[in-house]
Amino acid sequence: MATTSDVRAEFYKRIGMRGMTPLWEVMHALVTPQPAGSCVPALWRYDDVHPHVMEAGDLITAREAERRVLVLENPGLTGQSRITGTLYAGLQLILPGEFAADHRHSQTALRFVLQGGGAYTTVDGEKTLMQPGDFVITPQWAWHAHGNDSMDPMVWLDGLDIPLVQFFDAGFAERPEANTPLPPTRPEGDSLARYGSGLLPVDQSAGGPSSPVFNYPYARTREALETMRRNQAWDPCHGLKMKYVNPLTGDHAMPTMAAFMQLLPRGFDGAVYRSTDAMVYVCVEGSGDSIIDDKVYSWGPRDIFVVPGWCRHQHRVTSGDAVLFSFSDRATQQKLGLWREDRGGT
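An account of the accompanying structure is given in this report. (Residues numbered from 1 in each chain as written. Predicted model: local features only at pLDDT ≥ 70, side-chain atom pairs only at ≥ 80, totals over all residues. Heavy atoms only, no water.)

Comments concerning the overall build of the protein
Heads up, the rule is: Helix numbering and strand numbering both begin at the N terminus, where a helix is a DSSP run of H or I of at least 4 residues and a strand a DSSP run of E of at least 2. Here the globule rule reads 2.2 Å times residues to the power 0.38, and the radius of gyration is calculated from C-alpha atoms. With a 1.4 Å probe rolled over the protein chains alone, any residue whose accessible area is under 20% of its type maximum counts as buried; one over 50% counts as exposed, and the rest are partly exposed. Contact definition: two residues touch when any of their heavy atoms are within 4.5 Å. Only the protein chains shown count as cover for residues, and all accessible areas are computed by the Shrake-Rupley method using a 1.4 Å probe. Think of it this way: Lys and Arg go in the positive column, Asp and Glu in the negative one, and His and the chain ends go nowhere. Just so you know, the charge point we use is NZ for Lys, CZ for Arg, CG for Asp and CD for Glu.
Scanning the protein from N- to C-terminus turns up eight helices and 20 strands. By the compact-globule yardstick of 20 Å for 346 residues, the protein fits well, its C-alpha radius of gyration being 22 Å. Principal-axis analysis of the C-alpha atoms gives the protein an extent of 80 × 55 × 50 Å. Counting all 346 residues of the protein, 47% fall into the buried class. Residue pairs in contact within the protein that sit at least 24 positions apart in sequence constitute 75% of those at least 6 positions apart. Split by element, the accessible area of the protein, about 17,100 Å² in all, is 54% carbon and sulfur. Positive and negative charge centroids in the protein, built from 31 and 40 side chains respectively, lie 5 Å apart.

Right, here's the structure in full:
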């Protein structure tokens, strides 16, 4: 006599041939009591990875590679070219005299400059020089190229929403036929002058989903943090944390990714915090520890680390004032009504 398990197994086999499966067998994995992603805490010490980045410069040219980048893969997402479940990150190198040709794609990109100064990026015909700590965005479907007319190698962190675009199966890319720079259409500094000084052209329309400012210089950001510290109360979890915004809308600078800069004062010992967006951090100044799920990750300048979504963590400063840059998919989560935070981490 067939058992209940046998009858059900036979039923599942028959409906499987019809492209169906029973929800009750998989619901526990589909609708979870709390986030249960595969992203895990991770740390890349810049002094450890930098030699490999430079070695890549000996192995392949920027022209051959199109973009000479070493992808930062989260250990919980091996083989997927992801630093979190929804985001990609990599370290890009451009050597003196090199040019990385124009292309454009559906994915939104950010650059955070780690090393060198004087290399440039062009976005839709406008050139901007990049310095350490600068936050640079490339809006979706904007033509962009990189070049280095300085005497020093340039390294920056790339962050893109590639996994998100892959999920929607909405990715496109295009390259010009000639592998030569597209002609400039705007003078250097045009976007910052038009949109980054608290003024807007009188006939300015609402604009697109990305900020019209594509280089947020670190010098300006650091000055803002210093000004704010004189009058702003310290947040027990974040110190003094500010977000990069689109000056036309006040929303995040990019439609899918949020980016932040925060100042943690000397001796800061932060309260426990967690949120649903997995966060990629870069230490800009100072040094400290992040306690992530009870494990200590120590960081210093140019080190990169990941805090998974809904993961209890706290930051503490061990030397001087610390400045941390970070980015996540919070912009997407907030638009979808999914983002949640918990102060206390219970």
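Digging into the sheet that holds strand S5 (residues 109-115)
Threshold: When DSSP locates at least two bridges between a pair of strands, those strands are taken to pair. Axis geometry follows a simple rule: fit a line to the C-alpha atoms, using only the stretch in contact for helices, then measure angles between N-to-C directions, giving values from 0 to 180 degrees.
With antiparallel pairing, the six strands of this open sheet are ordered in space as S2-S3-S10-S5-S8-S12. One side of each edge strand has no neighbouring strand; the edge strands of this open sheet are strand S2 (69-71) and strand S12 (215-216). Both S2 and strand S3 (residues 88-94) contribute to a ladder of three bridges, which runs antiparallel. Among the inter-strand pairings, Leu70 is bridged to a residue of S3, identified as Leu91. Packing of helix H3 (residues 46-59) onto the sheet brings it into contact with S2, S3, S5 and strand S10 (154-160), and relative to S3 it is tilted by some 55 degrees.

Side note on the nonpolar core
For the record, the criterion: To form a nonpolar core, buried Ala, Val, Leu, Ile, Met, Phe, Trp, Tyr and Cys residues must be joined to one another through side-chain atoms within 4.5 Å.
Within the largest apolar cluster, 53 residues are counted, with the highest numbers of intra-cluster contacts made by Phe112, Phe135, Leu157, Met261, Ile304, Phe325 and Phe327. Ignoring any residue separated from it by four or fewer positions in sequence, one finds Phe325 in contact with Leu110, Phe112, Phe135, Tyr244, Ala259, Phe260, Met261, Val280, Tyr281, Val282 and Val284.

Description of the side chain of Asp303
We apply this condition: Salt bridge, as used here: a side-chain nitrogen of Lys or Arg that lies within 4 Å of a carboxyl oxygen of Asp or Glu.
You can see Asp303 is positioned in the loop between strand S17 (295-299) and strand S18 (304-307). Salt bridges are absent for the buried Asp303, whose nearest opposite-charge side chain, Arg45, sits at 4.1 Å. Those residues in contact with Asp303, other than ones at most four positions away along the chain, are Leu43, Trp44, Arg45, Tyr46, Tyr281, Val282, Cys283 and Ser298.

Here we look at the packing of aromatic side chains
Definition in use: Ring pairs shown here join Phe, Tyr and Trp side chains whose ring centres sit within 6.5 Å, with only the six-membered ring taken for Trp; geometry is labelled stacked below 30 degrees between planes, edge-to-face above 60, and tilted in between.
A full pass over the atoms with the stated rule returns twelve aromatic pairs. When the ring of Tyr216 is compared with that of Tyr244, the centres are 5.4 Å apart and the planes differ by 80 degrees; the resulting orientation is edge-to-face. Within this pair, whereas Tyr216 is found in strand S12, its partner Tyr244 is found in the loop between strand S13 (240-243) and strand S14 (258-264), the two being separated by 28 residues in sequence. According to the relative accessible area criterion, Tyr216 is buried, its value standing at 13%. Between Trp299 and Phe305 the ring centres are 5.9 Å apart and the planes differ by 5 degrees, which places this aromatic pair in the stacked class. Classification of Trp299 as buried rests on a relative accessible area of 3%. Aromatic rings pair up to connect Phe112, Phe135, Tyr216, Tyr244, Phe325 and Phe327 into one cluster.

Points about the environment of Ala224
Looking at the secondary structure, you find Ala224 in helix H7 (residues 218-229). For Ala224, a relative accessible area of 29% puts it in the partly exposed group. Ala224 sits 159 residues away from Ala65 along the chain, and the two C-alpha atoms are 38 Å apart.

Quick notes on the pattern of salt bridges
Evaluated as defined, the whole model comprises 15 salt bridges. The partner of Glu66 in a salt bridge is Arg175, and the shortest N-O contact between them spans 2.7 Å. Here Glu66 is found in the loop between helix H4 (62-65) and S2, whereas its partner Arg175 is found in the loop between strand S11 (173-174) and helix H6 (190-195), with 109 residues between them in sequence. Note that Asp321 is salt-bridged to Arg229, the shortest N-O span being 2.9 Å. Pair noted here: Asp321 is in strand S19 (residues 313-328) and Arg229 is in helix H7, with a separation of 92 residues, a long-range link. Residue Arg229 is classed as partly exposed on the basis of its relative accessible area of 25%.

Regarding H3
Note the threshold: The span expected for a helix works out to 1.5 Å for each residue beyond the first. The reported arc concerns the directions from the helix axis to the C-beta atoms and nothing else.
For H3, spanning 14 residues, the distance from its first C-alpha to its last is 20 Å, which sits close to the expected 20 Å at 1.5 Å a residue. Among the residues of H3, those classed as buried are Tyr46, Val49, Val53, Ala56 and Gly57. The buried side chains of H3 occupy one side of the element, clustering within an arc of 105 degrees when seen end-on. Those residues of H3 that are exposed and angled more than 90 degrees off the buried face are Asp47, Asp58 and Leu59.

Comments concerning the sheet that holds S11
Ordered in space as S7-S6-S9-S4-S11, the five strands form an open sheet in which the pairing is antiparallel. Each edge of the open sheet is held by one strand with a lone partner, namely strand S7 (126-129) and S11.

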